[in-house]
Amino acid sequence: QTVEVRRFRAMNATEAGRVIERAEAFASSRGGWSTERHGRYATTDVEAAAMDGGLAEVVTQRIFPKIRLWYEVDPARLVDLFVVKYARDGQRALEPHVDE
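Residues numbered from 1 in each chain as written. Predicted model: local features only at pLDDT ≥ 70, side-chain atom pairs only at ≥ 80, totals over all residues. Heavy atoms only, no water.

Student: Please explain helix H2 (residues 55-71) as it appears in this structure.
Tutor: The periodicity of an α-helix, 3.6 residues per turn, causes residues three or four positions apart to be oriented the same way. Of all the bends in H2, the largest measures some 40° and sits at Ile 63, one to four residues before the proline Pro 65. Looking only at H2, the buried set comprises Leu 55, Val 58, Val 59, Phe 64 and Ile 67. Packing partners of the buried residues in H2 comprise helix H1 (13-29) and strand S2 (82-84). Backbone geometry just downstream of H2 places Glu 72 in the positive-phi region, at approximately 50°. (Bend = angle between axes of the 7 residues up to and from the residue. Helix = DSSP H or I, 4+ residues; strand = E, 2+ residues; numbered from the N terminus. Buried < 20%, exposed > 50% of the residue type's maximum accessible area, 1.4 Å probe, protein only. Contact = heavy atoms within 4.5 Å.)

In structure tokens, the structure reads:
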């Protein structure tokens, strides 16, 4: 199955900086970033639902409407939402894929 990947700016640089700070603090409080949550397409991440801090508005009011419009999918059925950490000296990208 091929799915078109679409990109848009969901938040400004200040908002993104706050998410990064919260994700770093959350990961630190839990002993570090997770690298074992995903088998086939591993990421360095933290689970957004467990992380306090401002993502709910961005996700429900900015991202979910785009998902509904572009993919004709009910975002409420999404199973996994996470913040991924990419770094020059760590994970730099993720291959395009469709989750099973």
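Student: Whenever I open this one, the side chain of Thr 44 confuses me. Can you help?
Tutor: Relative to the elements of secondary structure, Thr 44 occurs in the loop between H1 and strand S1 (45-47). The residues contacting Thr 44, other than those within four sequence positions of it, are Trp 33, Ser 34, Thr 35, Val 83, Val 84, Lys 85 and Gln 91.

Student: For this particular structure, what's the right way to read the packing of aromatic side chains?
Tutor: Working definition: an aromatic ring pair is given by the centre-to-centre distance plus the angle between the planes. The full count for this structure, using the stated rule, is one aromatic pair. Their ring planes at 80° and their centres at 5.5 Å tell us that Phe 8 and Trp 70 sit as a pair that is edge-to-face. In this pair, Phe 8 is assigned in the segment before H1 and Trp 70 in helix H2, connecting sequence segments 62 residues apart. Classification of Trp 70 by relative accessible area gives partly exposed; the value is 23%. Lying over the aromatic face of Phe 8, Lys 66 brings its terminal NZ or CZ to 5.4 Å of the ring centre. (Phe/Tyr/Trp six-rings, centres within 6.5 Å; stacked < 30°, edge-to-face > 60°. Lys NZ or Arg CZ within 6 Å of the ring centre and 35° of its normal.)

Spatial relationships are all this shows, so hold off on functional conclusions.
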